[in-house]
Amino acid sequence: MKFTLGWLKEHLETDADLGTISKTLTALGLEVEEIIDPAERLGAFTVAHVVEAAPHPNADKLKLCKVDIGDGKIVDIVCGAPNARTGMKAVFAAPGTYVPGIDMTLKVTAIRGVTSNGMLCSEREMELSDEHDGIIDLPQEAEVGDRFIDVMGLNDPMIDIAITPNRQDCLGVYGIARDLAAAGLGTLKPLEVHAISETGEPGLEIGLEFDTPETATACPMFAGRLVRGVKNGPSPAWLQQRLRAIGLRPISTLVDITNYVSFAHGRPLHVYDAANVSGKLHARLAKAGESFVALDEATYELSPEDCVIADDTGAIGLGGVMGGLSTGVSETTTDVIIESAFFDPIRIAMTGRRHAIDSDARYRFERGVDPLFVEPGLDLATHLVVDLCGGQPAPKVIAGGAPFTPRHIDFDTRRVGALTGVEVSRDRCAEHLSALGFPASEAGEFTLRVGIPSWRRDVEGIADLVEEVVRLVGYDKLPLTPLLRYEGEGLPGLTQGQKRARKVRRSMAERGLNEAITWSFVAPADANRVQPTDEQVALANPISSDLAIMRPTILLQMLRAAKRNLDRGAEAVQLFEMGTVFRGGSEKPEEQQQLAILRVGATGPRHWRTRQTMVDGYDAKADALAALTAAGLPTDRLLVFPLEETPAHARYHPGRAGRLMLGPKTELARFGEIHPSLAADMGIKAPAAMAEVWLDALPSPRARKGFTKPAFVPNELPQVERDFAFVVAKDVAAADIVRAVKGADKAHISAIDVFDLYAGTGLGEDEKSVALSVKLMPGKQTFTDPEIEAIAAKIVDKVAKATGARLR
């Protein structure tokens, strides 16, 4: 929710400065996310007088302007604006001024041989609008040297606060002022709704056409008024400034009035060009197959669950979400219908999500607007229309009634202390609640009879009233009380799984990977690339159409994150994330903990001494093995198998991917390069390698018998290294040879390294040579030559039996 300090002070009589207001808002639970003070951004721009604007001597489209900047100083400025002329008042930026619209700090520079000492600015260069056809033409009464923001009334700081879903009453500036006044920061000004001088006949027929009482809740109240003889056009400067300050684009006076009332009072409105409305205006549910063209010029196919506003021709708007193009107002509008209605929040939310429409009206209606403000909101808007556009307002027409039943809660004020630890007297509770608009009267020694105002539909019980009282007392007054620990209760500690996850996370960070936190949802199109439809876990109520499937793998969102970083100039991206993935379909969804690792681009920076290399599947394999090692798994027992080319493995490059197995059935990890088609779909042009580790599949670590480690006894005897080159069939995996070598003599073989692969001259067409280096560690004494030869013979014999190999 955005508003300006000046706008707030229209409703709040206060002398508090911006800093105090900001701290108080946050203390009340209305967290301030951002404050934009134009004085910091535009305070350096001043009013200047163009004394002379002559043609540039060396350029046809440029002008050389002599500009009076105040204090008798006249400077030369080269300007290309077509409207630059002698005698005008313009906005001047001196050398050294930062111009936000062009992201540049000005300096004295020569343009076509003529020195320019600053700049005359357009609205786009100052980020006030997209207008850049010419420089800003200021009123002649503006004083030279004054700050531009002071002359144009732009010196009003903008405050942006976060609104939680239960505080719909603060989606209007008046509601925020009410909270601040209750906190003692000033006095809330009474809201004046002027009586409307109605003339003539209503000239308008309004109705509610619902078949059952259940469907009638879609729109229980619909009010409207016809205003004849209006003149629509650009809204006045003060209104445009209000809207621009909060990021809204002024459109026309009639539309700007509806936006103003919506942000000032949390009351969404809509205006129709009466000339384009045929017959009766009514609210109803959409018909099957019905469609309409909205103000965004898109055509929407309506559902029978949607509440629409219709005339005799059909639907002309989605009630509470967006109006239709056919009845939108324009500069030619002379008769206007102002709509003020109440719509069911749940139905509005479902309609907005169904059609993927985000609007300010939907945002407010789905959180619940004040049902008793339908008529006052209509009168406020009418008053503004008559003041700014003229016209004759007709009597208002109302169908239905406000869906509000007065409610009361008997509030035992002792519950404040019981729930929060802060003791607040009954009288003080009554004072705070009354200040917030909750009428409170005595109902007992400790009890208050509290009425719930129409704008606080979120307050349902005593705990809600306790929260309201404590908000004003101050959350900082809450005592810090540790939880009681019962005798014999164990100290808090981490589970084995939590300890393992912490070690894995730390090991990934030590390898230079950055931890990512991505969405747990993916787009259906992305999910279809890596998972069959019947195994996908679809959301019944997704937050958007692009986040409708629970992620089958973390890698999809990580690839999106990598693409964003690459687009912003990153040469390499290294990410990991530990989280939950989902499979099994919507009927029986299963969750599984996964560690996902992604490397994209170069393995190191460019340097003239070394050749820059790119990541490949072996980098991903090393990361997966490092993660398993950190998890306490003896990785020397793992089996490495190629990854078959199946739909479930479609994210990996065929022939350049593998999996790590603990035995023939338990898969612990997958690794490899990204599939080219998936890389193309994701927009990844650099080489990419990735790995997935299934943390749930890891066996539980064995319980340690003690807390001390055995003493480290180094072996001071020299190791022996022997090389073997085996000729095997081309389909024999190097891992099978390594596994056979390990089994030849587990007591003495300490390390095995594959260092060469050869195929060609001297070997058969279906043969290859795999060379290994084997390190032998002696026991209590150094090896003798016969002992070494015996171990070598066992290695050759074991590999021959396992793979059919022969020594080369």
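For the structure itself, consult the block above.
Now for a look at the structure at hand. Residue numbers here run from 1 along each chain, matching the order of that chain's written sequence. Restriction of local features to residues with pLDDT of at least 70 applies here, the model being predicted, together with a cutoff of 80 or more for giving and counting side-chain atom pairs; totals for whole chains, interfaces and linings are based on all residues. Side-chain metrics rest on all non-hydrogen atoms present in the structure, leaving aside hydrogens and water.

## Details of the overall build of the protein
Per the convention used, a helix needs a DSSP run of H or I reaching at least four residues, while a strand needs a run of E reaching at least two, with both numbered from the N terminus. Helix and strand counts for the protein come out as 21 helices and 43 strands. The C-alpha radius of gyration of the protein comes to 37 Å, more than 25% above the 28 Å expected for a compact globule of 808 residues. C-alpha extents for the protein along the principal axes are approximately 115 × 85 × 60 Å. To measure how exposed things are, a 1.4 Å probe is used in the Shrake-Rupley method; for residues, cover is taken only from the protein chains shown. Accessible surface, the protein as shown: approximately 41,300 Å² in total, 51% of it carbon and sulfur. Distance between charge centroids for the protein: 9 Å, based on 89 positive and 111 negative side chains. The atom set for the radius of gyration is the C-alpha atoms, and the globule formula is 2.2 Å times the number of residues raised to the power 0.38. Asp and Glu are treated as the negative residues and Lys and Arg as the positive ones, with His and the ends of the chain left uncounted. For the purpose of locating charges, the reference atoms are NZ of Lys, CZ of Arg, CG of Asp and CD of Glu.

## As for the pattern of salt bridges
Here, a salt bridge means any side-chain nitrogen of Lys or Arg that lies within 4 Å of a carboxyl oxygen of Asp or Glu. If you walk through the whole model with that rule in mind, you get 47 salt bridges. As a salt-bridge pair, Arg449 and Asp410 come within 3.0 Å of each other at their nearest N and O atoms. Of the two residues, Arg449 sits in strand 29 (residues 447–452) while Asp410 sits in strand 27 (residues 407–412), which places them 39 residues apart along the sequence. When the shortest N-O distance is used, the salt bridge between Asp526 and Arg560 registers 2.9 Å. Pair noted here: Asp526 is in helix 16 (residues 524–530) and Arg560 is in helix 17 (residues 555–567), with a separation of 34 residues, a long-range link. Within the structure, one salt-bridge network assembled from shared partners comprises Arg167, Asp169, Asp179, Arg456, Asp458, Glu468 and Arg471.

## Details of the environment of Gly324
Mapped onto the elements of the fold, Gly324 is located in the loop between strand 23 (322–323) and strand 24 (336–342). Under the scheme applied here, a residue whose accessible area is under 20% of the maximum for its type counts as buried, over 50% as exposed, and between as partly exposed, the area being computed with a 1.4 Å probe on protein chains only. Judged by relative accessible area, which is 0%, Gly324 ranks as buried. Residue contacts follow a heavy-atom distance rule, with two residues in contact if any of their heavy atoms lie within 4.5 Å. With sequence-adjacent residues up to four places away left out, Gly324 is seen in contact with Phe292, Val293, Ala294, Leu295, Ile316 and Gly317.

## A look at the sheet that holds strand 42 (residues 767–776)
One open sheet accounts for four strands, arranged 41-42-40-43; its pairing is antiparallel. Of all strands in the sheet, those with a lone pairing partner are strand 41 (749–758) and strand 43 (806–807), marking the two edges. Relative to strand 40 (residues 720–729), helix 21 (residues 785–803) is tilted by about 20°, and along the sheet it contacts strand 40, strand 41, strand 42 and strand 43. Between any two strands, pairing holds if DSSP finds at least two bridges. Inter-axis angles, ranging from 0 to 180 degrees, are taken between N-to-C directions of lines fitted to C-alpha atoms, where helices are fitted over the stretch in contact.

## Section: the packing of helix 15 (residues 496–510) against helix 18 (residues 617–630)
One can describe the packing of helix 15 onto helix 18 by two numbers: an axis separation of 8 Å at closest approach and a directional angle of 140°. Regarding helix 15 and helix 18, the two cross each other, and that crossing is right-handed. The segment helix 15 lies against helix 18, with Lys503, Val504, Ser507 and Met508 engaging Asp623, Ala626, Ala627 and Ala630. Note on convention: near helix rotated counterclockwise from far helix by under a right angle means a left-handed crossing. Clockwise means right-handed.

## Things to note about the packing of aromatic side chains
Classification of ring pairs uses Phe, Tyr and Trp, with its six-membered ring standing for Trp, and accepts pairs whose centres are within 6.5 Å; under 30 degrees between planes counts as stacked, over 60 as edge-to-face, and the remaining range as tilted. Applying the stated criterion across every chain yields a total of six aromatic pairs. Measuring from centroid to centroid gives 6.3 Å for Phe292 and Tyr300, while their planes differ by 35°, and the two rings are tilted. Judged by relative accessible area, Phe292 falls into the buried class, the value being 4%. With a centroid separation of 6.0 Å and 35° between ring planes, the pair formed by Trp519 and Phe521 is classed as tilted.

## Digging into unusual backbone geometry
Phi at Asp71 is positive, roughly 60°, even though this residue is not glycine. Structurally, Asp71 is set in the loop between strand 5 (63–70) and strand 6 (73–79). What makes Asp71 exposed here is its relative accessible area of 77%.

## Notes on the side chain of Thr253
By secondary structure assignment, the location of Thr253 is in helix 8 (residues 253–265). On the accessibility criterion, Thr253 (2% relative accessible area) is buried. N or O atoms within 3.5 Å of each other form a polar contact, as long as, within protein, one can give a hydrogen and the other can take it, and as long as residues adjacent in sequence are counted only when both atoms are side-chain atoms. Among the polar contacts listed, one links the side chain of Thr253 to the backbone oxygen of Pro234, at a separation of 3.2 Å. Once residues within four sequence positions are removed from consideration, Thr253 is found in contact with Asn232, Gly233, Pro234, Ser235, Leu388 and Cys389.

## Here we look at the pairing of strand 21 (residues 307–311)
Within a regular strand, the side chains alternate between the two sheet faces. The element strand 21 is largely enclosed, with a buried count of five among its five residues. Neither face of strand 21 is open: one carries Cys307, Ile309 and Asp311, the other Val308 and Ala310, and all of them are buried. Here four bridges tie strand 18 (residues 281–285) to strand 21, and the two strands are oriented antiparallel to one another. Considered in strand 21, the bridge of Arg284 is made with Val308. Sheet analysis places strand 21 next to strand 22 (residues 314–318), joined by four bridges and oriented antiparallel.

## A closer look at the nonpolar core
Residues belong to a common nonpolar core when they are buried Ala, Val, Leu, Ile, Met, Phe, Trp, Tyr or Cys residues joined through side-chain atoms within 4.5 Å. Counting residues in hydrophobic clusters, the biggest one holds 107 residues, and the most contacted among them are Leu25, Ile161 and Phe411. Counting residues per element, this core draws most heavily on helix 8, which supplies seven residues. Setting aside anything within four residues of it in sequence, one finds Ile161 in contact with Met1, Phe3, Leu25, Leu30, Glu31, Val32, Glu33 and Ile176. Membership of the second largest hydrophobic core comes to 29 residues, among which are Ile549, Met558, Ala561 and Ala657.

## Some details on a nonpolar patch on the surface
A contiguous nonpolar patch, built from Val293, Leu295 and Leu325 and spanning about 230 Å² of accessible area, is present on the exposed surface. The residue Leu325 is located in the loop between strand 23 and strand 24 in this model. Take Leu325: its relative accessible area is 41%, and that puts it in the partly exposed class. Patches were defined on residues exceeding 30% relative accessible area and lacking a salt bridge, with like-charge contacts within 9 Å and nonpolar side-chain contacts (Val, Leu, Ile, Met, Phe, Trp, Tyr) within 5 Å.

## Brief notes about helix 17
Counted at 1.5 Å a residue, the expected span for helix 17 with its 13 residues is 18 Å, and the 18 Å between its end C-alpha atoms agrees. Considered for burial, the residues of helix 17 that qualify are Leu555, Leu556, Gln557, Met558, Leu559, Ala561 and Ala562. Looking one or two residues beyond helix 17, the residue adopting positive phi is Gly569, at roughly 100°. Expected helix span is given by 1.5 Å per residue-to-residue step, counting one fewer step than there are residues.

The quantities given are spatial measurements derived from coordinates; they are silent on function.
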